[in-house]
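Topology and contacts: notes
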Amino acid sequence: MDQPYPDPFTYDRPYRKVLAREFNSVSPENQMKWEFIHPERNRYNFGPADAIVRFARANGQVVRGHTLLWHSQNPAWLNEGTFTKAELRSILKSHIFTVVGHYRGQIQQWDVANEIFNENGEYRQENIFIAELGPGIVADAFRWAHQADPKAQLFLNDYGVEWPGVKVDAYESLAKQLLAQRVPLHGFASQAHLSMRYGAPDQLAGVLQRFDDLGLHTAITELDVRMDLPASGVPTAEQLTTQASYYKTVLDACLAVDGCNSFTIWGFTDKYSWVPVFFPSEGAATIMWDDFAKKPAYYTLRDTLRAARR
Ligand code: XIL
């Protein structure tokens, strides 16, 4: 909705061809978010997400569902409505039962809770459910999602968790607490939206391992590697080499951890990347150029995956 272009999935045939050929797991970038799938209080809009799930099935791909409890991209009726606590709770509950139930048996992993902590490890009060109902709503969201689709693996998902720190500590203690309460939490995911301004995430394997040690799956869910573009707008060869090495660092981290079995990049062509829209002056964050020509990062990921399969 904030994108300056239409959903490529619906009209770009070369895009669909590459998507079908190169990947065995897909994730809707926007189409399962509240503002898209639940645009009015009494109306759901499943069409665009259904098309993605159908495409995945036709191409033998699994699907990651994204997302159920988030502070962002919620519809105006929810953000601006005035609800009692009981109403808000029942709105979330019926949303989760309706959406997760609609895709029952067809989603491998759901990002149940997205970005629920601030950088300082405190619950994000921008999340209206957390602000109004308290952090206990997170456990309820997992319970409801599990009832609606007992086979889906249910995840916590966030950015800024690629290095150890208070945010990772907050997730680790939440995960321990939920598991101790027998809440159906199955995984912890790092989005991995990286910028070459901040260095490669060379401690990521260690972070994922802490969650693996709790018996959880781990995943990389939204990897991209943005860079400051030169005045020409075209990355240098050196920037592309560095970018490839960041992609490899993240894939190696996932491969090093037993229960890290899901690896998703956030778009595969710069043609439709969210990065230039959200990070002015940065770009070129994906593994393919606008015309789907492959960057060094593509070949590095391919070679690393091939080597790991042996
Ligand atoms: C982004 C999408 O890529 C954009 O198209 C949209 O306008 C805003 O959201 N973390 C998330 C994703 O969990 O849902 C976000 O996706 C990127 C950051």
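1. So, the state of the cysteines
Under the criterion given, the structure shown has 1 disulfide. Sulfur-sulfur distance for the disulfide between cysteine 254 and cysteine 260 comes to 2.0 Å. For the disulfide bridge between cysteine 254 and cysteine 260, the dihedral angle about the S-S bond is near -100 degrees, and by the sign convention the bridge is left-handed. A residue is classified by how much of its surface remains accessible, and cysteine 254, at 3% relative accessible area, is buried. A relative accessible area of 7% places cysteine 260 in the buried class.

2. What about the side chain of glutamate 282?
Within the fold, glutamate 282 resides in strand β9 (residues 282–283). Polar side-chain contacts of glutamate 282 include one of 3.3 Å to the side chain of arginine 226.

3. Some details on the site of the ligand
In the neighbourhood of the ligand, 16 residues make up the surrounding shell, with Glu29, Lys33, His66, Glu222 and Trp266 lying closest. A distance of 2.4 Å separates an oxygen atom of the ligand from a polar atom in the side chain of glutamate 29. A distance of 2.9 Å is found between an oxygen atom of the ligand and a side-chain nitrogen or oxygen belonging to tryptophan 266.

4. Brief notes about the packing of helix α5 (residues 85–102) against helix α7 (residues 136–148)
Two numbers describe how α5 lies on α7: the axes approach to 8 Å, and their chain directions differ by 35 degrees. Judged by the twist between their axes, the crossing of α5 over α7 is right-handed. On α7, the residues that touch Arg89, Leu92, Lys93, Ile96, Phe97, Val100 and Gly101 of α5 are Ile137, Asp140, Ala141, Trp144, Ala145, Gln147 and Ala148.

5. Examining the pairing of strand β3 (residues 109–114)
With respect to burial, β3 is a largely interior element, 6 of its 6 residues being buried. Taken together, the 4 bridges between strand β2 (residues 62–69) and β3 define a ladder with parallel strand orientation. The partner of arginine 64 across the bridge, within β3, is glutamine 109. Taken together, the 5 bridges between β3 and strand β4 (residues 153–158) define a ladder with parallel strand orientation. Bridging from a neighbouring strand, tryptophan 110 pairs with leucine 154 of β4.

6. Considerations on helix α10 (residues 237–256)
When the terminal C-alpha atoms of α10 are compared, their 28 Å separation across 20 residues agrees well with the 28 Å that a helix rising 1.5 Å per residue should span. Taken together, the buried positions of α10 are Gln239, Leu240, Gln243, Ala244, Tyr246, Tyr247, Val250, Leu251, Ala253 and Cys254. Close packing links the buried residues of α10 with β6 (193–195), α9 (204–212), β7 (217–228), β8 (260–265) and α12 (296–309).

7. Observations concerning the pattern of salt bridges
The tally for this structure, following the rule as stated, stands at 18 salt bridges. The salt bridge partner of lysine 295 is aspartate 270, with a shortest N-O separation of 2.6 Å. Of this pair, lysine 295 sits in the loop between β9 and α12 while aspartate 270 sits in the loop between β8 and α11 (275–278), and the two are 25 residues apart along the sequence. Aspartate 270 shares its class with lysine 295; the two are buried. Where salt bridges share partners, they join Arg197, Arg226, Asp228 and Glu282 into one cluster.

8. So, the nonpolar core
Counting residues in hydrophobic clusters, the biggest one holds 88 residues, and the most contacted among them are Tyr103, Trp110 and Phe268. Apart from the residues within four sequence positions on either side, tyrosine 103 is in contact with Met32, Ile37, Phe46, Ala49, Asp50, Val53, Trp110 and Asp149.

9. Describing α9
Of all the residues in α9, the buried ones are Leu204, Val207, Leu208, Phe211 and Asp212. Summarising the axial view, the buried residues of α9 lie within an arc of 145 degrees, below the 170-degree limit, and thus occupy one face. The inward-facing, buried residues of α9 abut α8 (166–180), β5 (187–190), β7, α10 and β8.

10. Re the packing of aromatic side chains
In this structure the tally under the stated criterion is 17 aromatic pairs. Between tyrosine 15 and phenylalanine 268, the ring centres sit 4.7 Å apart and the planes meet at 25 degrees, which makes this aromatic pair stacked. One end of the pair, tyrosine 15, is in helix α1 (residues 13–22); the other, phenylalanine 268, is in the loop between β8 and α11, and 253 residues separate them in sequence. Taken as a pair, tyrosine 15 and phenylalanine 268 share a single burial class, namely buried. Centroid distance tyrosine 15 to tyrosine 272: 5.4 Å. Interplanar angle 80 degrees. Geometry classified as edge-to-face. Of this pair, tyrosine 15 sits in helix α1 while tyrosine 272 is found in the loop between β8 and α11, placing the two residues 257 residues apart along the sequence. Among the residues examined, tyrosine 15 registers a relative accessible area of 13% and is labelled buried.

About the cut-offs
- Residues numbered from 1 in each chain as written.
- Predicted model: local features only at pLDDT ≥ 70, side-chain atom pairs only at ≥ 80, totals over all residues.
- Heavy atoms only, no water.
- Disulfide = S-S within 2.5 Å.
- Buried < 20%, exposed > 50% of the residue type's maximum accessible area, 1.4 Å probe, protein only.
- Helix = DSSP H or I, 4+ residues; strand = E, 2+ residues; numbered from the N terminus.
- Polar contact = N/O pair within 3.5 Å; in protein donor to acceptor, adjacent residues only side chain to side chain.
- Near = heavy atom within 4 Å.
- Axes fitted to C-alpha atoms, helices over the stretch in contact; angles between N-to-C directions.
- Left-handed = near helix turned anticlockwise from the far one by under 90°.
- Contact = heavy atoms within 4.5 Å.
- Pairing = 2+ DSSP bridges.
- Expected span 1.5 Å × (residues − 1).
- Salt bridge = Lys/Arg side-chain N within 4 Å of Asp/Glu carboxyl O.
- Core = buried A, V, L, I, M, F, W, Y, C linked by side-chain atoms within 4.5 Å.
- Arc of directions from axis to C-beta.
- Phe/Tyr/Trp six-rings, centres within 6.5 Å; stacked < 30°, edge-to-face > 60°.

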